[in-house]
Amino acid sequence: MPADSKFTKLRSELDLRRSRHLYRSTRVADSPQQPQRHIDGKPLLTFCSNDYLGLANHPAVIRAFQQAANTYGVGSGAAHLVNGHSRPHQQLEEALAAFTGRERALLFSTGYMANLGVVNALLTGRNDLVYADRLNHASLVDAALLSGAKLIRYPHNDTTSLGKRLLAHEGDAPTQLILTDGVFSMDGDVAPLAKLALMAQQHEAWLMVDDAHGFGVLGNTGAGLVEAAGLNQDDVPILMGTLGKALGTAGAFIAGSHDLIEYLIQTARTWIYTTAQPPAVAAATLVSLQLVATESWRREHLRSLIQQFRTGAVQLGLPLMPSDTAIQPMLVGSSEQALSISRKLEARGILVTAIRPPTVPVETARLRVTLSAAHTVEDVERLLDALGKA
Ligand SMILES: Cc1ncc(COP(=O)(O)O)c(C=O)c1O
């Protein structure tokens with residue numbers, strides 16, 4: 001074989017992706033995360049971030065970050081168990097536990113790593129069973145695959161099918177885990193948590209909820225979908241939340257019982273073998289957590305924008321999906337068409353990215369509109385106007 005045949009293979013794979021309208025590339029922003037951004041040299045009104053409460057660029061959060069950088073420097077310099085765990089990490093873990101009504105919380109550097117870490121700590125091999133919603137986020141899918149446990153996927157939010165699968169495998173495995181997104185990241189709908197909690201208890205399975213898109217946004221105080229569903233630590237023993245979305249910073253946490261967290265500290269490899277997040281990120285997150293808890297107006301404003309968008313989209317006859325959350329996708333179908341609509345919107349100064357396979361199933365490409373408390377009523381009017389014309 002010629003020396004560079006391996007690159008020829010890569011190039012042909014890239015060409016294939018281009019021809020199928022699946023090629024993806026980054027854009028470069030020269031402004032903070034906020035609705036009005038300067039991206040690739042032009043001003044755009046954006047509707048695709050997960051900064052649901054508009055905290056990523058909040059002055060108090062920035063100030064806390066700067067002050068902590070003055071005190072603690074930039075890098076944490078080591079893993080938590082070595083000497084990378086500083087006061088802001090500790091305070092944030094305690095604050096997250098109190099806020100979510102759990103005994104303890106453990107900080108991870110990303111949500112992806114939190115998911116890999118927990119699932120692989122709890123499931124130890126082929127004898128274990130993991131039940132996963134078909135539309136779970138990629139990080140949960142990867143976590144389950146990496147664990148080597150038998151992966152049983154059930155149709156989206158279909159608790160009847162899940163029940164049949166649990167019954168069929170009754171008594172088969174030393175450890176069983178039910179894994180679900182709280183708010184589904186590409187669809188915006190929510191998992192039937194109360195039912196799942198009951199089923200998990202009946203079958204002595206763990207239930208783990210990834211509330212990346214609910215934490216900060218849902219529930220009376222913003223503690224997420226578990227709060228909205230009125231579920232405690234016994235109902236949902238493993239709660240995962242991310243800090244890079246509604247909290248506007250970065251990182252993630254697992255909240256649960258004292259024993260669970262102690263077990264993770266001893267065994268979760270993506271927590272043990274990685275550098276702790278910069279202390280200033282934890283300090284900034286402490287402030288955004290206070291804003292989430294004490295200033296409910298952001299959630300209220302966001303709810304009214306969601307209502308405004310849905311009412312307007314229905315009037316325009318747009319293919320809305322059944323979602324009450326800040327994630328408001330419009331199903332298009334073909335990747336080519338989704339891309340073409342996204343480009344037309346961009347020509348009108350509006351950025352809504354086209355979400356295509358493999359992020360979503362084949363032939364379900366969509367425009368994923370996300371709304372933020374930082375948007376105004378006029379922003380949403382502009383979006384609806386542009387969608388009507390595109
Ligand atoms: C449902 C869900 N879980 C986990 C993650 C990963 O979190 P992080 O971005 O912090 O790695 C994301 C998105 O990023 C997500 O949407």
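Since the model is a prediction, treat every value here as computed from it, not as a measurement.

## Re the packing of helix α5 (residues 111-122) against helix α6 (residues 138-147)
Move 1: Where α5 meets α6, the axes come as close as 8 Å, and the angle between the chain directions of the two elements is 30°. Judged by the inter-axis angle, α5 sits roughly parallel to α6. Handedness of the α5/α6 crossing: right-handed. Between α5 and α6, the contacting residues are Y112, N115, L116, V119 and N120 on the first element and S139, L140, D142, A143, A144, L146 and S147 on the second.
Move 2: Residue composition of the contact of α5 with α6, by class: seven nonpolar, four polar and one charged.

## Concerning the layout of surface pockets
Move 1: A volume near 1,200 Å³ is recorded for the largest pocket.
Move 2: Taken together, 48 residues line the largest pocket, and the ones lying closest to its centre are R24, S25, T353, A354 and I355.
Move 3: If you list the elements that add at least two residues to the lining of the largest pocket, you get β1 (36-39), α5, β8 (238-242), α14 (335-347) and β12 (354-355).
Move 4: By residue number, the principal contributor to the lining of the largest pocket is α14, which donates four residues.

## Examining the UniProt feature "binding site: pyridoxal 5'-phosphate" (unreviewed entry) in the protein chain
Move 1: Annotation from UniProt places "binding site: pyridoxal 5'-phosphate" (unreviewed entry) at G111, Y112, S185, H213 and T242. Considering the C-alpha atoms alone, the annotated residues occupy 132 residues of sequence yet fold into one spot, their largest mutual distance being 13.4 Å. Lining of the largest pocket among the annotated residues: G111, Y112, S185, H213 and T242.
Move 2: As for its placement among the helices and strands, Y112 is situated in helix α5.
Move 3: Structurally, the position occupied by H213 is in the loop between β7 (206-210) and α9 (225-228).
Move 4: Residue contacts for H213: discarding those within four places in its chain leaves N50, Y52, V183, S185, K245, I327 and R368.

## Thoughts on the sheet that holds β12
Sheets are built from strands paired through backbone hydrogen bonds, the pairs being either parallel or antiparallel.
Move 1: Read across the sheet, three strands follow the order β10-β13-β12 without closing on themselves; strand pairing throughout is antiparallel. Whereas interior strands pair on both sides, the edge strands pair on one side only; in this sheet they are β10 (327-333) and β12.
Move 2: Strand direction decides the pairing type here: β12 and strand β13 (residues 365-370), joined by two bridges, are antiparallel. Across the sheet, I355 pairs through a bridge with R366, a residue of β13.
Move 3: Strands β10, β12 and β13 of the sheet are contacted by α14, whose axis makes an angle of about 35° with β13.

## Considering the sheet that holds strand β2 (residues 42-46)
Move 1: Spatial strand order, β1-β2-β11: three strands in an open sheet with mixed pairing. Each edge of the open sheet carries a strand with a single partner, namely β1 and β11 (350-351).

## Overview of the environment of Y131
Move 1: Locating Y131 in the fold gives a position in strand β4 (residues 129-133).
Move 2: Taking the C-alpha atoms as reference, Y131 lies 6.1 Å from L179; in sequence the two are 48 residues apart.
Move 3: Filtering out sequence-adjacent residues up to four positions away, Y131 remains in contact with I152, Y154, L162, R165, L166, H169, Q176, L177, I178 and L179.

## Quick word on the side chain of R298
Move 1: Turning to its location among the elements, R298 is positioned in helix α13 (residues 297-316).
Move 2: A distance of 3.4 Å separates polar atoms of two side chains, one belonging to R298 and the other to H58.
Move 3: At a separation of 2.9 Å, a polar atom in the side chain of R298 contacts the side chain of E295.
Move 4: Leaving out residues up to four positions away in the same chain, R298 has contacts with L53, L55, H58, L291 and A373.

## Quick look at the UniProt feature "binding site: substrate" (unreviewed entry) in the protein chain
Move 1: When the UniProt feature table is mapped onto this chain numbering, "binding site: substrate" (unreviewed entry) sits at R24, H137 and T359. Put simply, the named residues that line the largest pocket are R24, H137 and T359.
Move 2: You can see R24 is positioned in the loop between α1 (5-19) and β1.
Move 3: The class of R24 is partly exposed, set by a relative accessible area of 46%.
Move 4: Sequence-distant contacts of R24, that is, excluding residues within four places in its chain, are made with R356, P358 and T359.
Move 5: Tracing the backbone through its elements, the reader meets H137 in the loop between β4 and α6.
Move 6: Contact partners of H137, with chain neighbours within four places excluded, come to D181 and S185.
Move 7: Polar contacts involving the side chain of H137 include one to the side chain of S139, which spans 2.7 Å.

## Describing unusual backbone geometry
Move 1: Cis geometry is found at the peptide bond from P357 to P358, where omega equals 10°.
Move 2: Mapped onto the elements, P358 comes out in the loop between β12 and β13.
Move 3: You will see that N157, though not glycine, has its phi angle at about 55°, which is positive.
Move 4: Within the fold, N157 resides in the loop between β5 (150-154) and α7 (159-168).
Move 5: Among the residues examined, N157 registers a relative accessible area of 22% and is labelled partly exposed.
Move 6: Residues other than glycine seldom take positive phi values, yet E363 does so here, at roughly 65°.

## Examining the domain arrangement of the protein chain
Move 1: Domain boundaries assigned for the protein chain yield domain 1 (26-57 + 296-389) and domain 2 (59-294).
Move 2: Placing a centre on the C-alpha atoms of domain 1 and another on those of domain 2 gives a separation of 26 Å.
Move 3: Listed by partner, the interface residues are 24 residues for domain 1 and 27 residues for domain 2.
Move 4: Taken over both partners, the interface formed by domain 1 and domain 2 buries close to 1,900 Å², and the fraction arising from carbon and sulfur atoms is 59%.
Move 5: For the pair domain 1 and domain 2, the interface holds one salt bridge.
Move 6: Note that D187 and R366 form a salt bridge whose closest N and O atoms lie 3.2 Å from each other.
Move 7: Summed over the shared surface of domain 1 and domain 2, the number is 10 residue pairs in polar contact (both at pLDDT 80 or more).
Move 8: Contributing elements (two or more residues each) for the side of domain 1 that touches domain 2: α13, β10 and β13.
Move 9: The leading source of residues in the side of domain 1 that touches domain 2 is α13, at three residues.
Move 10: The residue makeup of the side of domain 1 that touches domain 2, split by class, is 12 nonpolar, six polar and six charged.

What counts, and at which threshold
Along each chain, residue indices are assigned from 1 in the same order as the chain's sequence is written. With pLDDT at 70 or above as the cut-off, local features in this predicted model cover only qualifying residues; side-chain atom pairs require 80 or more to be listed or tallied, and sums for whole chains, interfaces and linings still use all residues. Values reported for side chains reflect all heavy atoms of the structure, with hydrogen atoms and water molecules removed beforehand. Axis lines are fitted through C-alpha atoms, for helices just across the contact stretch, and the angle between N-to-C directions can take any value from 0 to 180 degrees. Secondary structure is summarised from DSSP: a helix means a run of H or I of at least four residues, a strand means a run of E of at least two, and numbering begins at the N terminus for each. Between 65 and 115 degrees an angle is taken as roughly perpendicular, under 35 as roughly parallel, over 145 as roughly antiparallel, and anywhere else as oblique. Note on convention: near helix rotated counterclockwise from far helix by under a right angle means a left-handed crossing. Clockwise means right-handed. Throughout, a residue-residue contact means that at least one pair of heavy atoms, one from each residue, lies within 4.5 Å. In this classification, Asp, Glu, Lys and Arg are treated as charged, Ala, Val, Leu, Ile, Met, Phe, Trp, Tyr, Cys and Pro as nonpolar, and every other residue, Gly included, as polar. Think of a 1 Å grid over the protein atoms and nothing else: a 1.4 Å probe that fits but is trapped marks a cavity, an open set flanked by protein within 12 Å on at least five of seven lines marks a pocket, and residues with an atom within 4 Å of a point count as lining. Grid points are joined across faces, edges and corners, and a volume is the space filled by probe spheres set on the points. UniProt positions are given in the numbering used here, feature names are shortened, and annotations may be inferred rather than shown by experiment. Between any two strands, pairing holds if DSSP finds at least two bridges. The definition of a polar contact used here is a pair of N or O atoms within 3.5 Å, where within protein one atom must be able to donate a hydrogen and the other to accept one, and adjacent residues in sequence count solely through side-chain atom pairs. Burial classes: relative accessible area under 20% of the type maximum marks a residue as buried, over 50% as exposed, and values in between as partly exposed (1.4 Å probe, protein chains only). Each domain's extent was defined by an automatic or database domain assignment. Each of two parts loses accessible area, computed with a 1.4 Å probe, when they are put together; buried area is these two losses added. Should a side-chain nitrogen of Lys or Arg be within 4 Å of a carboxyl oxygen of Asp or Glu, the pair is scored as a salt bridge.

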